[in-house]
Amino acid sequence: MRLHVLLLNRGSFFRTPLKAAGRNRLVFVGTESARNVEGAIWYMRTVLPKVKEQLANAKIGFYGPICNYLQEGNTWEYFKLGDAECMDSVNETVFISIMRETRVYLNPMVSGIDSNGRLISPMRAGVPVVSTTLGAEGFGEGPHITIADTAQGFIDRIRKLFQ
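## So, helix α5 (residues 92-100)
Of all the residues in α5, the buried ones are Glu92, Phe95, Ile96, Ile98 and Met99. Projected onto a plane normal to the axis of α5, the buried residues spread over an arc of 160° and lie on a single side. With a side-chain oxygen positioned 3.1 Å from the backbone nitrogen of Thr93, the residue opening α5 is Asn91.

Structural data, given as structure tokens:
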């Protein structure tokens, strides 16, 4: 997560919050930690199929070292279903371009203790976050974060943010 610290220390990388129009990407950024992997797999198995069914133009992207785990075969069928992109190494320039295309930032933490610093960059860019209660610990629900602890809750909030 060094990338997020780097971005935060450099000041505002988006002068004004991004507009939602024209953006259709759902983004998850994480390391290969057990809590990230568990959250990503939960999302891919329980939320992604319904999101793709209801929002055909939505694109999913997983970024960071978590991709090293996700591409090892145990979740590959979900990548095909969701037409997902996975990049294990993202520099600042690529991260900024990804944020410019992001409609919703995902934080589906279902276990463990989460480091919530990763939520600051999308919030500063004006990208709404859909998170579990655990993932939003220390932030809570507010203008930039909506909380859902069930698959249907995630689906409903993502669909609402795409309207």
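## Some remarks on the nonpolar core
Ranked by internal contacts, the top residues of the largest apolar core, which has 29 residues, are Leu26, Tyr43, Val51, Phe62, Leu106, Phe154 and Ile158. Contributions of two or more residues to this core are made by β1 (25-29), α2 (34-54), β2 (59-63), α3 (66-70), β4 (102-107) and α7 (151-162). Looking at which element gives the most residues to this core, the answer is α2, with nine residues. Setting aside its immediate chain neighbours within four residues, Val51 contacts Leu26, Tyr43, Ala58, Ile155 and Ile158. Residues Val127, Val129, Ile145 and Ile147 belong to the second largest nonpolar core, which totals 16 residues.

## Some remarks on the state of the cysteines
Within this structure, the stated rule accounts for one disulfide. Between the sulfur atoms of Cys67 and its disulfide partner Cys86 the distance amounts to 2.2 Å. Measuring the twist about the S-S bond at about -110°, one finds the Cys67-Cys86 disulfide to be left-handed. Placement of the pair is Cys67 in helix α3 and Cys86 in strand β3 (residues 85-87), with a sequence separation of 19 residues.

## Section: the packing of aromatic side chains
Taken as a whole and assessed by the stated rule, the structure comprises three aromatic pairs. Taking 5.4 Å as the distance between ring centres and 80° as the angle between the ring planes, the aromatic pair formed by Trp42 and Phe154 counts as edge-to-face. Residue Trp42 is found in helix α2, and its partner Phe154 is found in helix α7; the two are separated by 112 residues along the sequence. Like Phe154, Trp42 is buried. Ring plane angle 65° and centroid distance 6.4 Å describe the contact between Tyr43 and Phe154, whose orientation is recorded as edge-to-face. Of this pair, Tyr43 sits in helix α2 while Phe154 sits in helix α7, and the two are 111 residues apart along the sequence. By relative accessible area, Phe154 is classed as buried at 0%. Taken together through their ring pairs, the aromatic side chains of Trp42, Tyr43 and Phe154 make up a single cluster. One cation-aromatic arrangement involves Arg103 over Phe162; the distance from NZ or CZ to the ring centre is 5.1 Å.

Cut-offs applied
- Here the residue numbers are simple positions, counted from 1 along each chain's written sequence.
- At least 70 in pLDDT is required for a residue's local features to be given in this predicted model, at least 80 for side-chain atom pairs to be given and counted, and no such filter applies to totals for whole chains, interfaces and linings, which use all residues.
- As a rule here, side-chain values come from all non-hydrogen atoms in the structure, and water together with hydrogens is ignored.
- Buried, partly exposed and exposed residues are distinguished by accessible area as a fraction of the type maximum, computed with a 1.4 Å probe on protein chains only: under 20%, between the cut-offs, and over 50%, respectively.
- Think of it this way: any DSSP run of H or I at least four residues long counts as a helix, any run of E at least two long counts as a strand, and we number them from the N terminus.
- The arc refers to the directions leading from the helix axis to the C-beta atoms.
- Two N or O atoms count as a polar contact when they lie within 3.5 Å, although within protein this holds only if one can serve as hydrogen donor and the other as acceptor, and sequence-adjacent residues are included solely when both atoms are side-chain atoms.
- To form a nonpolar core, buried Ala, Val, Leu, Ile, Met, Phe, Trp, Tyr and Cys residues must be joined to one another through side-chain atoms within 4.5 Å.
- Contact between two residues is taken to exist if any of their heavy atoms lie within 4.5 Å; hydrogens are not considered.
- In what follows, a disulfide is any cysteine sulfur pair within 2.5 Å.
- In summary, the pairing rule links any two rings of Phe, Tyr or Trp, Trp by its six-membered ring, whose centres are within 6.5 Å, and it sorts them by plane angle into stacked for under 30 degrees, edge-to-face for over 60 and tilted for everything else.
- Criterion for a charge above a ring: Lys NZ or Arg CZ within 6 Å of the ring centre, and within 35 degrees of the ring normal.

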